[in-house]
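Examination of the molecular architecture
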Amino acid sequence: MFLTLGSLLVLMKELTNPYRPIAGLQYLSGNISGSNARCIAMLQAFQDAIRDYRVPPEKTFVRDLTAKISSYVSFLIECRPLCISMGNAIKFLKTRIAKLPLTLSESESKASLHSDIERFINEKIILADKVIVKHAVTKIRDGDVLLTYGLSSAVEMILLHAHKLGKQFRVIIVDSRPQLRGKILLRRLVEKGLSCTYTQINALSYIMHEVTRVFLGASSVLSNGTVYSGVGTACVAMIAHSFRVPVLVCCEAYKFSERVQLDSICSNELGDPEVISKVLGREDVNYLDGWANTENLQLLNLIYDATPSDYISMIVTDYGMVPPTSVPVIVREYRREQLWI
Amino acid sequence: MGAPKKSGGGGRVSVTEDSDELVRVPLQAILLADSFNTKFRPITLECPKVLLPLVNVPMINYTLTWLESAGVEDVFVFCCAHSKQVIDYLDKSGWLSQPNFSVTTIESHNSVSAGDALRLIYERNVIHGDFVLISGDTVSNMSLTQALAEHKERKKKDSNAVMTMVIKRSKTNPAIHQSRLGTDELFMAINPDTKQLLYYEERTDLSKGIMHLDKSFLADNPSLTLHHDKQVNYILSEGIGLLDCYIDICSPEVLSLFTDNFDYQHLRRHFVKGLLVDDIMGYKIFVHEIHSNYASRIDNFRSYDTVSRDIIHRWTYPMVPDVMNYGNTATKLERQGMYRASEISQSQTAVIGPFTVLGFGTKIGNNTIISDSVIGKGCKIGSNVQIKGCYIWDHVTIEDGCKLNHAIVCNEVTLKSGAVLEPGVILSFKVVVGPEFVVPPYSYVSLLQQPVEEDSDEELEYADSTSVITSKVDKSDEEDASEVPEARISSVSEDMEFIVSLHVLFIDQLGMGGVGYIWQKCEGSQEEEWRHSVAPIPADKISEAMKTMEDDLELTHDGSILPPSGELIPDSNDSDEDNEDSRDDFFEREVEATFLRAVNENIQEDHLILEVNSLKLSCNKLTADCAGAVFYAMMKYAVDTPHSSLDGLMQNVKAVLSKWKKALTSYLTDIDEQIEIILKFEEICLESAKEFAPLFTKILHYMYKEDIIEEDAILSWEDEKRDADEADKVFVNKAQDLIQWLKVAEEEDE
């Protein structure tokens, strides 16, 4: 993460023409994953960028900085499409810049922006996670079998905290190709002594019999209660719902969006199709080698999917535990609060 | 006893793929069916280690099965202690009569070490080519093909490369990884390029992390001299966390080396270190690292526990209970690592937890709780028994109310009601524990008394074994405590007559009716006892080990900064709305709640509209539904607001409607929605709030005046109602005045 952050900064500083294609940018795409980590990395990069920023002569601080930030953002988008949490953070930063009093000197403005970003990271992400953990832990009882999918930092913290409190429970980690990020979670949990079961998403309907609760992370929660998260989440939630297992989604409120989306096709991110055609460590599975030459073949590697609110029993956020239909309340409350900051 | 199951022939390796070799030499293996140590005492006084059941199957089966599947064609089983039992078992189980897989036993009564054994085998002159050296307590599923090929390749280039050791990288927490198998800490230095083993040191001293390397050791290795510190660091970090699997591929020279150096006893301590130190002959040892396969040796009780668990967790596949049954009845795998053989009678109230193996014909009583344990054949377990992490062998009787915690209980042991086994207890064959007796932690209990002298740890466990095993225990006599010990001991062993004189002590040791000796612990074994026992490692020992390690991965959880805030909205939603009705209700309820919140918290109309819109999307509703629901919510609010008379109510309605007009009208873009509102209003007047009935016309008129409803809507509503029943037309009739007035006004306009 540090390496990527560093290279991001270097690139940002060197960025004279934001639309200049820079070789090796694609490396950025996978190194920081998880929307919290990406968002924090971006905000910290902005902090540094603002620190090093000098107002060109005959330009106003607010206007020029806004333009600069926009160019950085378009550069980031070039590396990888932004996730919704990053979009929200950028919106926040731009509002802050726009609202800077004109009377402030350049250094004062910078200091004010710096502390604003710092506060955003601390309050909206770090503290929010702690509150989420506190809420969600109350939903874990002794003897529970908890299922989670992929890797979510919030869910990880919840499980570790519950374990620390001495609750007796078992974790089932469901994972899927090609990212297999569940393995990271598995490793961290096993190291801390939690009793874990690891399985692939194909075995979901078998394992769901044993499960008493499903904890999922989210990239965003949309205004109609739809949860926008890593591909496969919808499937897990759907199967849990059909087995009458409550599904709890853990998501910080800053990731909420007023967007409304009914399916995952109209707005999504497409990953590298190469990775789904190859199986790691299995040279014998090579049926798709040279697929690029085939005209009537298209490989679809979706990154996200949308889980309808029907399959979600509860969303755990820093404002409490709410049903998915109450998301607009949070969006409204949250936006109002953001204006106050 | 059926013949052992053959694993698929695919794994069979043809050793003589080399076209250079004219004579085809079958791959041979030497299996040492003796541990040459005393770590499994007291059990090994009566039964050879290789026949101890590992998940209900004698250990040697795992080793032989692996050798067979790895392509070995010729196995020499070297038996020493209890050799008769081993040979009998191999004969009975059919290993001695396998086609394509010859098992030959070599018996010796005076070998006291692996060195002696190999010297004897050399004298017999049966090994002709490369061979696999393994002890009979190894469980593995690795493929030998690659290791063998590497070995042969090296041998061709350098005739001094006499041995290839198989090692495995241990990925568990480095602080406790050696405790996992209870083995000593191991330092290996390996040349990363050539895979040559340069240094091998076993040590028990955990406190000292410093290893002394000879200067010359570095000087001798030209590749290391350049980057002194860096390379050493590299090599050390390579070495830590490696496990010696005790599977060696040896060239025939190894045997002659043992004969030449008659003082070599221990394979690792003497032979490997001897070769590494000896630079005159220049013999070299290499390592082969396996990554994904399983290989582990059972060296002590802790590794017995660990390997058993690994088998139950299926890391050793295909050597798992439901695939390999070695003459046991078929075992079925159930959810959460439960293995059940047939003919188990289990009470309905018994709770059999995860990762447990139940053997053939076992009986389990009421309210008994068993978890993480292995239960052998024909055990009788009473009611209210708690068994956790135990290895209970065959034909054990456990009476009501016993508590067993991480213990090994050998064949035909009896636990009287209420007996308690503390963690780490080993009960050897046929021991009887008296009622309510608590066996202290880490104690070893046996019918045989502790051997008085312990010369060294290389001592041979040799006894006239046949008499031990064939000695009969008459279960009906058990109550008669005063007589049984005498009778039994005399039949156990002629050599141990002196025990009889001590039989008073003998009785007291295990409570009323108890039979057996609790062995005294020798000095200095306190440290070892937790490391080598089946009991889980005590928490303080782990934290001690952790303390010595830097653990920087600790996630910080202060979490006490914010007070726990309550839930925003009570959990009103079970996401269970399958049918439309509840769905409708749900939507209306939600809209109403949203509206009330908007009123109480004085929220802007825009926000209210936004929220209702999103509700509309999430519930998949039409604009008309929203209009109806919002109107309903408003009327409900008006009724619920305190009022004294009809006029008061009318005032309320006016206030609400004027205040939230915008919210309502945003849904009334079309005439259909307006009609919907009127219909809704009718419904309200008829059902939920009859108070509105007298005010129907007034309110309707008010809404018309306020432009909430257009006249077209009212007229089409009337139109719609024209053909309806009289009952439905109550309000149309009521509003007749208004309608007439509207019609007149319309005509006038024209």
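Above: the structure in question.
Worth saying up front: this structure is predicted, and the values here are computed from it rather than measured.

Reading guide: rules and limits
- Residues numbered from 1 in each chain as written.
- Chains lettered and ligands numbered in written order.
- Predicted model: local features only at pLDDT ≥ 70, side-chain atom pairs only at ≥ 80, totals over all residues.
- Heavy atoms only, no water.
- Helix = DSSP H or I, 4+ residues; strand = E, 2+ residues; numbered from the N terminus.
- Buried < 20%, exposed > 50% of the residue type's maximum accessible area, 1.4 Å probe, protein only.
- Contact = heavy atoms within 4.5 Å.
- Pairing = 2+ DSSP bridges.
- Axes fitted to C-alpha atoms, helices over the stretch in contact; angles between N-to-C directions.
- Parallel < 35°, antiparallel > 145°, perpendicular 65-115°, else oblique.
- Left-handed = near helix turned anticlockwise from the far one by under 90°.
- Nonpolar A, V, L, I, M, F, W, Y, C, P; charged D, E, K, R; others polar.
- Phe/Tyr/Trp six-rings, centres within 6.5 Å; stacked < 30°, edge-to-face > 60°.
- Lys NZ or Arg CZ within 6 Å of the ring centre and 35° of its normal.
- Salt bridge = Lys/Arg side-chain N within 4 Å of Asp/Glu carboxyl O.

Considering the overall build of chain A
Per the secondary structure count, chain A includes 12 helices and 10 strands. Buried positions account for 53% of the 341 residues belonging to chain A. Taking all contacts inside chain A whose residues are at least 6 apart in sequence as the whole, residues at least 24 apart take part in 80%.

Regarding the environment of Leu45 of chain B
All names here are of chain B. Among the structural elements, Leu45 can be located in the loop between strand E1 (28–32) and strand E2 (53–54). For Leu45, a relative accessible area of 11% puts it in the buried group. As for Leu45 and Ser428, which are separated by 383 residues in sequence, their C-alpha atoms are 9.2 Å apart.

With respect to the sheet that holds strand E8 (residues 304–307) of chain A
Residue and element names in this part refer to chain A. A sheet is described by the order of its strands in space; here 3 strands give the open sequence E5-E6-E8, paired in antiparallel fashion. Every interior strand has two partners, whereas the edge strands, strand E5 (220–221) and E8, have only one. Note: strand E6 (residues 227–230) against E8, 4 bridges, orientation antiparallel. Bridged to Ser229 within E8 is Asp305.

A word on the packing of helix H5 (residues 84–98) of chain A against helix H6 (residues 106–137) of chain A
Residue and element names in this part refer to chain A. Look at H5 against H6: their axes get within 11 Å of each other, and the N-to-C directions meet at 150°. The angle between the axes of H5 and H6 places the two elements in the roughly antiparallel class. With respect to the hand of their crossing, H5 and H6 are arranged in right-handed fashion. In this structure, H5 contributes Ala89, Phe92, Leu93, Arg96 and Ile97 to the contact, and H6 contributes Leu113, Asp116, Ile117 and Phe120. A class-by-class count of the residues in the contact of H5 with H6 yields 7 nonpolar, no polar and 2 charged.

A few points about the sheet that holds strand E28 (residues 414–415) of chain B
Residue and element names in this part refer to chain B. Overall, parallel pairing links the 6 strands, which are arranged E16-E19-E22-E25-E28-E31 in an open sheet. Bordering the open sheet on either side are strand E16 (345–346) and strand E31 (432–433), each of which pairs with just one other strand. One ladder, built from 2 bridges, connects strand E25 (residues 397–398) with E28; its direction is parallel. Paired with Thr397 across the strands is Thr414, a residue of E28.

Some details on the packing of aromatic side chains
Taken as a whole, this structure holds 21 aromatic pairs over all chains when the rule is applied. The interplanar angle of 20° and the centroid separation of 5.0 Å between the aromatic rings of Phe681 of chain B and Phe696 of chain B together place this pair among those described as stacked. Residue Phe681 of chain B is located in helix H22 (residues 671–686), and its partner Phe696 of chain B is located in helix H23 (residues 696–705); the two are separated by 15 residues in the primary sequence. With relative accessibility at 0%, the residue Phe681 of chain B sits in the buried group. A relative accessible area of 0% means that Phe696 of chain B is categorised as buried. A network of ring pairs unites the aromatic residues Phe40, Phe301, Tyr304, Tyr391, Trp393, Phe429 and Tyr444 of chain B as a single cluster. Note that Arg259 of chain A overlies the ring of Tyr228 of chain A, its terminal NZ or CZ placed 5.9 Å from the centroid. One residue, Lys680 of chain B, lies across the ring of Tyr632 of chain B, its end atom 5.5 Å from the ring centre.

Some thoughts on the side chain of Ser85 of chain A
As for its placement among the helices and strands, Ser85 of chain A is situated in helix H5. Ignoring sequence-local partners within four residues, the contact set of Ser85 of chain A consists of Ser35, Cys39, Tyr254 and Lys255 of chain A.

Considerations on the pattern of salt bridges
Residues and elements named next belong to chain A. In this structure the tally under the stated criterion is 28 salt bridges over all chains. Where Arg51 meets Asp52, a salt bridge forms, and the shortest distance between an N and an O atom there is 3.3 Å. For Arg51, a relative accessible area of 48% gives the class partly exposed. A salt bridge links Lys110 to Glu106; its shortest N-O distance comes to 3.7 Å. In this pair, Lys110 and Glu106 both sit in helix H6, 4 residues apart, roughly one turn of the helix. Residue classification places Lys110 among the buried positions, given a relative accessible area of 12%.

Examining the environment of Trp717 of chain B
Mapped onto the fold, Trp717 of chain B is located in helix H24 (residues 711–721). In sequence terms Trp717 of chain B and Ile675 of chain B are 42 residues apart; their C-alpha atoms lie 6.0 Å from each other.

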